[in-house]
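Topology and contacts: notes
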Amino acid sequence: MEPVFRTLELGAALAVRATGTRIDYRDLEHLPTRGGAVVAINHTSYVDFLPAGLAVHRARRRLRFMIKAEMRRVPVVNFLISHTGTIAVDRTAGAGAYAAAVRRLRAGELVGVYPEATISRSFELKEFKTGVARMALEAAVPVIPLIVWGAQRIWTKDHPKRLGRNHTPITVAVGAPIRPEGSVPELLVTVHARMAALLHEVQRDYPHPPGAFWVPRQLGGAAPTPAQAKVLDEAELVHRARRVRR
């Protein structure tokens, strides 16, 4: 039953209702009804885990997210990590988290992964880390592409959060399973291409006001280009390193 997880599911559904958020779920039949799979999710927002988790819940499954271990410093989050099967990733030494994820996959669970590792400031797909392909191949489970679009309007990097009753529309689209075949680089290219195609399909159906901060530059928005976003990401890493040294 997992009472903490169940409480989170109820709380998430209530939060969506309270804020008037409208979530359009597409092609949930691609989520397996049983067995393990890596669910690869694009990353544009601090809250895109919520619609992704609710989508999987609608398929009567639960998603075990991989999140950065620094979140354990927050007592409430640490409690939730310990009681929901969340996999905490130490980004300086992630071997333990990787092994735990593979064990969960082999045990028939769904593991949620952000292949980009960090939020995309351009709202387009960044380069992927190899973990999504490596764990799928090692556990012999498929990769399920999952796109969340619109959550960046609520809370993302470099912009104030808008957590009130904003009636923000969000789309969650699930792609067909990708078989765990080929080498790690080959599978990674396939996953990236399939997710990019699904992202652009979702973007085509979503209204994008010209000049809006949350709209990609190629769609007429004010978001940084991928090249500009990369510069901002690198500056953020330098700043974070300086703070650690102090």
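Residues numbered from 1 in each chain as written. Predicted model: local features only at pLDDT ≥ 70, side-chain atom pairs only at ≥ 80, totals over all residues. Heavy atoms only, no water.

Under an unreviewed UniProt entry, the name given to the protein chain is 1-acyl-sn-glycerol-3-phosphate acyltransferase, and the organism recorded is Mycolicibacillus parakoreensis.

Details of the overall build of the protein chain
Scanning the protein chain for helices and strands turns up seven helices and seven strands. Starting at the N terminus and walking to the C terminus, you meet the elements of the protein chain as α-β-β-α-β-α-β-α-β-α-β-β-α-α. For the protein chain, the C-alpha radius of gyration of 17 Å lies close to 18 Å, the compact-globule estimate for 246 residues. Residues counted as buried form 46% of the 246 residues belonging to the protein chain. Relative to all contacts within the protein chain whose residues are 6 or more apart in sequence, the contacts with residues 24 or more apart total 72%. A distance of 6 Å separates the average location of the 36 positive side-chain charges in the protein chain from that of its 21 negative side-chain charges. (Helix = DSSP H or I, 4+ residues; strand = E, 2+ residues; numbered from the N terminus. Rg over C-alpha atoms; globule rule 2.2 N^0.38 Å. Buried < 20%, exposed > 50% of the residue type's maximum accessible area, 1.4 Å probe, protein only. Contact = heavy atoms within 4.5 Å. Lys, Arg positive; Asp, Glu negative; His and termini not counted. Charge placed at Lys NZ, Arg CZ, Asp CG, Glu CD.)

Brief notes about the packing of helix 5 (residues 131-139) against helix 6 (residues 184-204)
With their axes 9 Å apart at the nearest point, helix 5 and helix 6 run at an angle of 115 degrees to one another. Read as a crossing pair, helix 5 and helix 6 show a hand that is right-handed. Contacts between helix 5 and helix 6 involve Val132, Ala133, Arg134, Ala136 and Leu137 on the former and, on the latter, Val184, Leu187 and Leu188. For the contact of helix 5 with helix 6, the residue count by class is seven nonpolar, no polar and one charged. (Axes fitted to C-alpha atoms, helices over the stretch in contact; angles between N-to-C directions. Left-handed = near helix turned anticlockwise from the far one by under 90°. Nonpolar A, V, L, I, M, F, W, Y, C, P; charged D, E, K, R; others polar.)

Considerations on unusual backbone geometry
Positive phi, normally seen in glycine, also occurs at Arg60, with a value near 65 degrees. Structurally, Arg60 can be placed in the loop between helix 2 (49-58) and strand 3 (63-68). For Arg60, a relative accessible area of 78% corresponds to the exposed category. In the Ramachandran plot, Ala140 falls in the positive-phi region, its phi being about 60 degrees despite a non-glycine side chain. Counting through the fold element by element, Ala140 comes out in the loop between helix 5 and strand 6 (143-149).

A look at the pairing of strand 5 (residues 110-113)
The alternating pattern of strand 5 places Leu110 and Gly112 on one face and Val111 and Val113 on the opposite face, and all of these are buried. Where strand 3 meets strand 5, three bridges bridge the pair, whose relative direction is parallel. Its bridge partner being in strand 5, Phe65 is matched across the sheet by Gly112. (Pairing = 2+ DSSP bridges.)

Observations concerning the environment of Val141
Checked against the element boundaries, Val141 lands in the loop between helix 5 and strand 6. Looking at Val141, the relative accessible area reads 5%, which means it is buried. Spatially, the C-alpha atoms of Val141 and Arg104 are 11 Å apart, while their sequence positions differ by 37 residues. When residues no more than four places from it in sequence are discounted, the contact partners of Val141 are Gly36, Ala37, Val38, Leu105, Ala136 and Pro180.

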